[in-house]
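Understanding the architecture of this molecule
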Amino acid sequence: MILLLQIAVVLLILYLIRSRVVVFIRSAVKFLYRYESFLSYTDTLFKENKQKYKKFKIKSLKLISKISILVKEIVYLVGRFNFQVTIISPFLFFLLFILLYNVIPNSLFIVHKMKQFNELLINMGINISTSIKSHSSYTIGLIDVFSNVLAIFWSISLTIYFFAYRERKSVSISSNLASGNIGFIIGLALILFNTIYGKAFAIPFNKEEASTFYDSSRNLVRLIIWGGITATSIWYGINTLRKMLNSIDIRTLIEHSMSNINTVIIQTMIINKGFKFRRGLYEYLNASIETYYQTLIVCVEKNMMEVYNESFKSLEKFALLFSKGVTNEMLEYLKHDLHIKVPANLLYDASNENYIRLHKSLLIQHMALVKVLHDNNRQSEISKCIKIFFEFEPSDNFEGHEFEGLKNDFHTILHQLIMYLDSEEPVLFRTGLDGLEKFCERELTKQKPNIGGIRVYKHLILNAVEQGDTKLISHLVYSMKRLVDSKNRGASNQTSVAWGRIVNLVHMDSSNNINIEKIIIYLILQSVLKSVELSKYAVTGFLVKYLITNHCQGSILKETFNLLIVNNGKDTFLSKYVLRRKGYNYSDIDVNFAFNEDTIEYCIQKMAIIIYTQQVFAKNNSLPGTSNMGQKIDIDIVSSSNSTMTPEYLKYLEEKIIKAKDKFGLVSLKMIKQYFGIPEEDKEVEDEGASQTSK
């Protein structure tokens, strides 16, 4: 009866202070909810704070962000060094047990404070200690029941943990590294610790000795500790188990990984300059990015395109946030503390090496997503994905030798991406080609122009020549022409106004000694030479007509042709050695025309005859593009000034060309004899020669 009365008094007190408890709980929930909204990168918080009230102080946000980042670094380290943590855990477990079982219960300070609290309750008419001591057997039974139940729960939880771990790993290898599983490990450890702790101080007392359980004040302290651990274990274990089961859902995994990414980015922007971001944070961010992309890839492979399309929107927002900077609302809110406004700049400034590793991983993962979309014939999604890829282009605001390596990596990955696209799918290939063209345009209009992107064109055109694909070659050469021809800048609505600046590079060397037209002409001449070597007649004919129609003004064709002869067809502009020596960024993929040294002179001579003949024929017949024709190429290589050139050999070259003249598609070839002064043979001599041959 007395016990019931005491319980009623406690409930009455709780009822009287209920309003304060409710207010406190609401305030805590509201703060956590608003902070969660903030971390979710919604503009609502910034707008509300700007228009109504500012409940979030910058200092508070910085403190919370620093703590959160530290936790993420620990989470990553636990996942990264899982084996070492497993080895250390028993020792930590033992030390904690000693602390809670012996040190704290034997503390005179703790015992004294408990006595004071008990006296306070007695003065209020509440004698809880006496009531508990009179029912000590129930206490021991309760501890035993809870310990057994928690032991069963621990066993079930461990099974679910391994199941969820394998399921997540099958979707994304990096997911377990990003989550660290630290939450679930702590939950399991709490349950196990609670079970052992309860058994440790309850087992020594049987039913006969139960009345002596509270003779020592230490057991009362242990009971309070056990009760706190039990309540925490149940709440934390159930909550963590729920999250673990949700984490195997692919939608939840995608949302969680992107939420992790955005949270880290926003928190780094809040802290901003002056805070040391350790490697663990970059690795945590990298693992989250890998998880996001790997899960997107699974969506594509499993034909879950609805989930993919919903999730891809978050990638578009992240790309803008990462490369362009924070929203206007956040900028307004943090304007006095936001020293660096672009997350990429901040992360690079904090640690060059770690940022470069992170950015390269981001590019590689995005490239992998494009490949999977291509393999699954998702053309509309590929176009969007390629556009996002160029959003991740490294900024020119960074300096340092390490960052030059990242730019080279971007060139290499872009090279791989373009080469992976199937040229037999015109719409898709043109999307990639347009992106490459605009990238090269940006590179050429920079304060320090760069020609490394032309290497990708070199690879494409080399493949097209070897395959004899004139249609693809047409796309490539006219795309390159738009880089040097300002008149074509209206061909695309996306073309930058910077085209006008490219015109200055066309006919004169810049301060950086770049003449883009000469470089492209040299590349096309190499392609013509390769087509002659491989007997790709249609390709040779098309490229020669293209050269004469589009690049015959002034002396640039003549000078570039002479340069080709002097270098015996070797690359003098786009080789890795030349680009590296001149300090340009370039793709690390090897691209070489690899001419046959035994036949190179023969092929150059044939090429010279074809080009010169087309030049003269086009001029004489006023063909398109020849109104302002400049100097013709030098034909010393096929003239009498060449010691190896005899009339008979020149005649032989002419015959080899004429024999396939229909395949070249060049009407001008019938004029070779006239233009080169090769005499016509007497018909009777020819007949006699034919008769002798037949004998």
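Predicted model only: the values in this text are computed from it and were never measured. (Residues numbered from 1 in each chain as written. Predicted model: local features only at pLDDT ≥ 70, side-chain atom pairs only at ≥ 80, totals over all residues. Heavy atoms only, no water.)

Considerations on the overall build of the protein chain
Regarding its fold elements, the protein chain presents 32 helices and zero strands. For the protein chain, the proportion of its 695 residues judged to be buried stands at 46%. A separation threshold of at least 6 residues defines the contact pool for the protein chain, and within that pool the share at least 24 residues apart is 77%. Surface summary for the protein chain: the accessible area is close to 35800 Å², and the carbon and sulfur share equals 57%. (Helix = DSSP H or I, 4+ residues; strand = E, 2+ residues; numbered from the N terminus. Buried < 20%, exposed > 50% of the residue type's maximum accessible area, 1.4 Å probe, protein only. Contact = heavy atoms within 4.5 Å. Areas by Shrake-Rupley, 256 points an atom, 1.4 Å probe, with all protein chains shown as cover.)

Here's the deal with a positive patch on the surface
A cluster of basic side chains, namely K313, K317, K384 and K387, defines a positive patch on the protein surface. For the positive patch, the secondary-structure elements that each account for two or more residues are α14 (305-324) and α18 (379-391). Along the chain, K384 turns up in helix α18. (Patch = residues over 30% accessible without salt bridge, like charges linked within 9 Å, V, L, I, M, F, W, Y side chains within 5 Å. Salt bridge = Lys/Arg side-chain N within 4 Å of Asp/Glu carboxyl O. Lys, Arg positive; Asp, Glu negative; His and termini not counted. Charge placed at Lys NZ, Arg CZ, Asp CG, Glu CD.)

Quick notes on the pattern of salt bridges
On inspection of all chains with the given rule, the structure shows 14 salt bridges. Here E533 ties to K530 by a salt bridge, and the two come within 2.8 Å at their closest N and O atoms. Of this pair, E533 and K530 both sit in helix α24 (residues 516-533), three residues apart, roughly one helical turn. A salt bridge links K558 to D634, with the nearest nitrogen and oxygen atoms 3.6 Å apart. In this pair, K558 sits in helix α26 (residues 556-566) while D634 sits in the loop between α28 (600-620) and α29 (647-658), placing the two residues 76 residues apart along the sequence. A network of salt bridges, in which partner residues are shared, links K576, D588 and D590.

A short note on a negative patch on the surface
Together, D249, E255, E306 and E310 make up a region of like negative charge exposed at the surface. With respect to the element layout, D249 can be found in the loop between α11 (217-246) and α12 (250-271).

As for the nonpolar core
With 151 residues, the main nonpolar core has Y355 and F392 as its most contacted residues. Excluding residues within four positions of it along the chain, F392 makes contact with Y293, L315, F318, A319, F322, S323, H359, L362, L363, H366 and F410. In terms of nonpolar packing, the next biggest core, distinct from the first, is built from 11 residues, L100, L223, W226 and I229 among them. (Core = buried A, V, L, I, M, F, W, Y, C linked by side-chain atoms within 4.5 Å.)

Topic: the packing of α14 against α18
Between α14 and α18, whose axes approach to 10 Å, the crossing angle comes to 20°. As summarised for this structure, α14 and α18 are arranged roughly parallel, according to the angle between their axes. Here the hand of the crossing between α14 and α18 comes out left-handed. Taken together, the residues of α18 that come into contact with α14 (itself represented by M305, Y308, N309, F312, L315, E316, A319, L320, S323 and K324) are E381, K384, C385, I388 and E391. Here the contact of α14 with α18 is built from residues that sort into eight nonpolar, two polar and five charged. (Axes fitted to C-alpha atoms, helices over the stretch in contact; angles between N-to-C directions. Parallel < 35°, antiparallel > 145°, perpendicular 65-115°, else oblique. Left-handed = near helix turned anticlockwise from the far one by under 90°. Nonpolar A, V, L, I, M, F, W, Y, C, P; charged D, E, K, R; others polar.)

Observations regarding the packing of aromatic side chains
What the rule picks out here adds up to 18 aromatic pairs. With centroids separated by 6.3 Å and ring planes inclined at 15°, the aromatic side chains of F322 and Y355 adopt a geometry described as stacked. Note that F322 is positioned in helix α14 and Y355 in helix α17 (residues 352-375), a separation of 33 residues in sequence. The class of F322 is buried, set by a relative accessible area of 2%. Pairing Y348 with Y355 gives two aromatic rings, centres 5.6 Å apart and planes at 80°, and the pair type is edge-to-face. Both residues of the pair, Y348 and Y355, count as buried. Grouping aromatic residues by their ring pairs yields a cluster made of F318, F322, Y348, Y355 and F392. (Phe/Tyr/Trp six-rings, centres within 6.5 Å; stacked < 30°, edge-to-face > 60°.)

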